[in-house]
Each structure stands twice: as structure tokens, then as C-alpha cells.
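Chain residues, written in single-letter form:
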Amino acid sequence: MISLGISSTDGKARTGLLHTGHGNVETPAFMPVGTAGTIKGLTPDQVAAAGAKMILANTYHLMLRPGAQTIADLGGLHRVMGWSGPILTDSGGYQVFSLARLRRIDDEGVAFQSHIDGAELRLTPAGAIQAQRLMGADVIMQLDECPPADATGQQVAEAVRRSAAWARLCRDEWAAPTDDGPAASQALFGIQQGGVFHDLRRQSADALVALDLPGYAIGGLSVGEGHSAMCRVLDDIDAQLPADRPRYLMGVGEPRDILAAVARGVDLFDCVLPTRNGRNAEAFTNSGRIRLRNARWAKDASSLEADCDCFTCRNFSRGVLRHLFMAKEMLGPILVSIHNLRFFARFMAGIRQAIAEGNLARWSQVVLARMYEMDNGGETPTPTE
Ligand SMILES: [Zn+2]
């Protein structure tokens, strides 16, 4: 099981230590995403060297291929991923709603067609927990309904009602005694839904908190509602969710969004941005993003970031990285993914230090100005919404 010890606060922001059966994680923390059981292109050693402590894998993808039972037969997710630290799996719901075809949803669960081979499949609240139990992550998620970004208030209200009912079914399955799984060591998180509707968010949080779960996630954000709408939803979470449980904002990784969420009391984040953008020749830096395919970097002998201590910055220049992408060498995506993961780990370490020093607001102002607003002397500023 997991627990969170809060070590310092600055307004609603907090630093803490998340204790898990596979080691401790300083929070606020960013979790790299290993969709199919691997952080794309990187060895576990490289992921750890970049400073990541806890990683995420997607149940939907692993359930379809190679299958949750196969993961269990291969020794469980920690063995399969070659990762001895903490792992979180999502429930599969988000991908069912975003990737699968021909969804039919009712109170029992959701029927869908695999996006890989068209097979007819069904995901139920209990089934999502059973699949995650087989795989054996440290933190597992409830099945929830994720309404689309343009859903009406009525559709969102229906998703909140259904997600709350599923949370209870997931809790019952998770809490049921088993003699064969690592369930006792797994922590179940509930997922708050409710879109940008404050009363629905409150209703969703109340239903989850009544179940007294080990942690709570905030779902359904960063789906196109925009930065300020997201901030208004997050304004309420400190009051809605218990202070002694971890709070996880799902799928949010834009540095500006992370800062805003941390300031409102969020502890955990995950996003594909560092690795997806890394594969596409885009590097995160403190002075905005660098698009390495740009011809301007061809003869640039400087590293991505002068003060970055990652393997890439210690050994390769922007000019060399650009060459690797232009020549379609696989080392290019690997090296920029390494740097981007290190960027996020250092960013989170900076946030933790600023909170511990009671200086988060001022620190954020300086960081945001450098990353988003300043004319960065010709570098590519991070795009704003
Ligand atoms: Zn670097």
C-alpha cells in the first residue's frame, strides 16, 4: 500500500514523500509514460538516470497486447518493464474512449472494438481491476467514463454519476480478499470527473472521498478546455480532496499547467510530451522549446541547455542532434527523449525546492517569463494556448 507524508507547504502547494512497496517518490513528481510497457526508445537505466522515480503504463494497450495474463505469466509488470521502482497503471478507460471503435456504454461497462485487430471486447469496472491486479502495478486506477471535450452539461453529469458508481464497484473488487494477487500491496485511486462544471466536480469528489480511497486523480482536464478553465477547476481541489492523500492530475504535462496545478495542491503528473516531442525533434528547455529540424541549428556546437547535466547535453551539440534527425538515425529520438525526461525531472526538483523555501509564486513567475513570454534571442518560445 502507499502513503504520502507531507514535508512542507507553500500556500496550497505541498512537497511530500510518497511511500510505495517499490521505493519512495518525492512529490510533486512527474511520471514518464510507458504506453506499451516501455518508455519508447529508452532503456530503464536511461529513464532512471534522467531522474524519473515512478513511471506509468497503459492498461488498454497492454490488455490488448500482449494481454494482462501474459504480463502476469512473464513475471508481472515490474519484470516486463525492467523497472524496480514504483509503477502506476491507468484503467484503460481513457483509451477505450479515445482510441477504440464502436463503443457501447451502459452501467455495466463499455463494449468496444480493438483498434489493433477489430476484436469485440468488453471492459467492466471489476475487469479493469482484475487486469491491473494481474499486471501488478503499485498504483491502479478505477474505470471511469471520460466524456469528450465538447460534451454537454447533461452528458458530463451522466459521466459523473456512472464514474461514481464504477468507483464503488472497483473499490469492492480491489478490496475483495484474494489469495493469488499482489492486490494487498496495490493502491486504488479514484478519478474525479465533472468537466469544467464546479457543482459536478464537487459531486464527483464527494462520492469518491466517501469511499476512503488511498489516492485521488483529477481526470477530464487538458482535453481542450484551455489553461484558465483548467485553473478554475483546480482552484477547488484542495478543499474537495483530503490533504493526506496523493492527488494526481492525469495527462497534464505542459510546464505552465504543471506549475498552476502544483500551486493548487496537485502532487503527481504524467504526460507523453517529453518522449513524444523528443521523438519529433523537439527539446524542452528553460528558455522555450527547440525544434531541432530547423536549419539554424546545423552548425550550432552548443548543447541543448548549458546547465543541463543529462547524457545528451554532456556529449552532443544541437548541430549533431539536428544531423541525427535529418539522417533519420534512431539515436536522435533517443537522445532528445533523454534530455526531455531530464528537463522534466529538474523542473519538478526546482518546484519542490521553491515550495520548501516558501518561494513558489516568485520562482514560477521567473520560470514562466523565461519559458513563455520573453524573446528568447531567437530560440523557439514554448507555444501558449
Ligand atoms: Zn540535457
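Residues numbered from 1 in each chain as written. Predicted model: local features only at pLDDT ≥ 70, side-chain atom pairs only at ≥ 80, totals over all residues. Heavy atoms only, no water.

(A) How the structure looks around the state of the cysteines. The tally for this structure, following the rule as stated, stands at 0 disulfides. The closest cysteine sulfur to the non-disulfide-bonded Cys 231 is located on Cys 271, 16 Å from its own sulfur. Residue Cys 231 is classed as buried on the basis of its relative accessible area of 9%. (Disulfide = S-S within 2.5 Å. Buried < 20%, exposed > 50% of the residue type's maximum accessible area, 1.4 Å probe, protein only.)

(B) Region of the structure containing the coordination of the zinc ion. Coordination of the zinc ion by the protein comes from Cys 308 (SG), Cys 310 (SG), Cys 313 (SG) and His 339 (ND1), over a distance range of 2.1 to 2.3 Å. Every donor counted, the 4 donor atoms about the zinc ion form angles of 99 to 118 degrees at the centre, which fits tetrahedral coordination. (Donors = N, O, S within 2.8 Å, 3.2 Å for Na, K, Ca; no water. Tetrahedral: all angles 85-135°; square planar, octahedral: opposite > 155°, others 65-115°.)

(C) Region of interest: the pattern of salt bridges. Under the definition given, this model contains 20 salt bridges. Of the charged contacts in the structure, one is a salt bridge between Glu 158 and Arg 161, with a shortest N-O distance of 2.7 Å. Here the residue Glu 158 and the residue Arg 161 both occupy positions in helix α7 (residues 153–175), the gap between them amounting to 3 residues, near one helical turn. We note a salt bridge from Arg 202 to Asp 206, for which the minimum N-O separation is 3.2 Å. (Salt bridge = Lys/Arg side-chain N within 4 Å of Asp/Glu carboxyl O. Helix = DSSP H or I, 4+ residues; strand = E, 2+ residues; numbered from the N terminus.)

(D) Main features of the domain arrangement of the protein chain. Partitioning the protein chain into domains gives domain 1 (3–271) and domain 2 (281–373). The gap between the C-alpha centroids of domain 1 and domain 2 is 27 Å. Listed as interface residues are 29 residues of domain 1 and, on the opposing side, 26 residues of domain 2. Here domain 1 and domain 2 share an interface that buries about 2,100 Å² over both sides, 75% of which is from carbon and sulfur atoms. With its nearest N and O atoms 2.6 Å apart, the salt bridge here joins Glu 254 to Arg 289. Taken together, the connections running from domain 1 to domain 2 amount to 7 residue pairs in polar contact (both at pLDDT 80 or more). The set of elements that each furnish at least two residues to the side of domain 1 that touches domain 2 consists of β1 (3–10), β2 (13–20), β3 (23–27), β4 (29–34), α1 (44–49) and α11 (255–263). Partitioning the side of domain 1 that touches domain 2 into residue classes produces 16 nonpolar, 8 polar and 5 charged. (Domains from an automatic or database assignment. Contact = heavy atoms within 4.5 Å. Buried area = accessible area lost by both parts, 1.4 Å probe. Polar contact = N/O pair within 3.5 Å; in protein donor to acceptor, adjacent residues only side chain to side chain. Nonpolar A, V, L, I, M, F, W, Y, C, P; charged D, E, K, R; others polar.)

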